[in-house]
Amino acid sequence: ASDLIEMLLNKELDLALAFKPAMAYEELESVPLFKNSLSVVVRKFHPLASHKSLTLENLENHRIVLPGKGMQARRAFDRYLGLDTRKLNVTVEANDPNLIMDIVQSTNLITVISSLASYYRPNLVAIPLEGGNYSMVGCVHMHKDSYRKRATDVFVKMLQIKNIE
């Protein structure tokens, strides 16, 4: 997301689909599309799969694959929890959400990632994390001062989900 925002600021892109960055940029307009939260994602038959919610303590005895430090889900995880990952058994870090889901689906590793990452994977279960604000807002980001075709506005309107908070 930070690379996309940088490209927008340099006017190398007309728009970008990414989670809302932690800091605001006066030059950019961010149109919210959806709200999502971090969840623990496990295989359907993992011992944690039957839980309705999980705490950090529940994760400490499990091997974990985490998103890389530059990814939005990882920044949200670190920021909202003030997490010292030394308490966790982080076995793998990866920058590709699909790769992370493939690893979780084919091993007993677990992850903490956007619950949407497991959406089309019926063998995975997303379990909410307790004890923090883990929400992230997916947005279309555009440069405020750039010319915009009507088709762009129509496209953005088509992407918006009603009732976003």
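Rules behind the numbers
- Numbering of residues starts from 1 in each chain and follows the order in which that chain's sequence is written.
- The model is predicted, so local features are restricted to residues of pLDDT at least 70 and side-chain atom pairs to those at 80 or more, both for listing and for counting; the totals for chains, interfaces and linings are taken over all residues.
- Side-chain measures here rest on the full set of heavy atoms in the structure, leaving out hydrogens and waters.
- The rule for a salt bridge is simple: a side-chain nitrogen of Lys or Arg has to be within 4 Å of a carboxyl oxygen of Asp or Glu.
- Strands here mean DSSP runs of E at least two residues long; helices mean DSSP runs of H or I at least four residues long; both are numbered from the N terminus.
- Exposure classes here rest on a 1.4 Å probe applied to the protein chains alone. A residue is buried below 20% of its type maximum, exposed above 50%, and partly exposed in between.

Novice: How would you summarise the pattern of salt bridges if you had to cite specific residues and measurements?
Specialist: Across all of its chains, the model carries three salt bridges by this definition. Between Arg148 and Glu29 there is a salt bridge; the shortest N-O distance is 2.8 Å. On the criterion of sequence distance, the pair formed by Arg148 in the loop between strand S7 (135–143) and helix H5 (150–159) and Glu29 in strand S2 (residues 28–43) is long-range, its members being 119 residues apart. On the basis of relative accessibility, which here comes to 24%, the residue Arg148 falls in the partly exposed class. For Glu29, a relative accessible area of 28% puts it in the partly exposed group. When the shortest N-O distance is used, the salt bridge between Arg121 and Asp102 registers 2.9 Å. In this pair, Arg121 sits in the loop between strand S5 (111–114) and strand S6 (124–128) while Asp102 sits in helix H4 (residues 97–106), placing the two residues 19 residues apart along the sequence.

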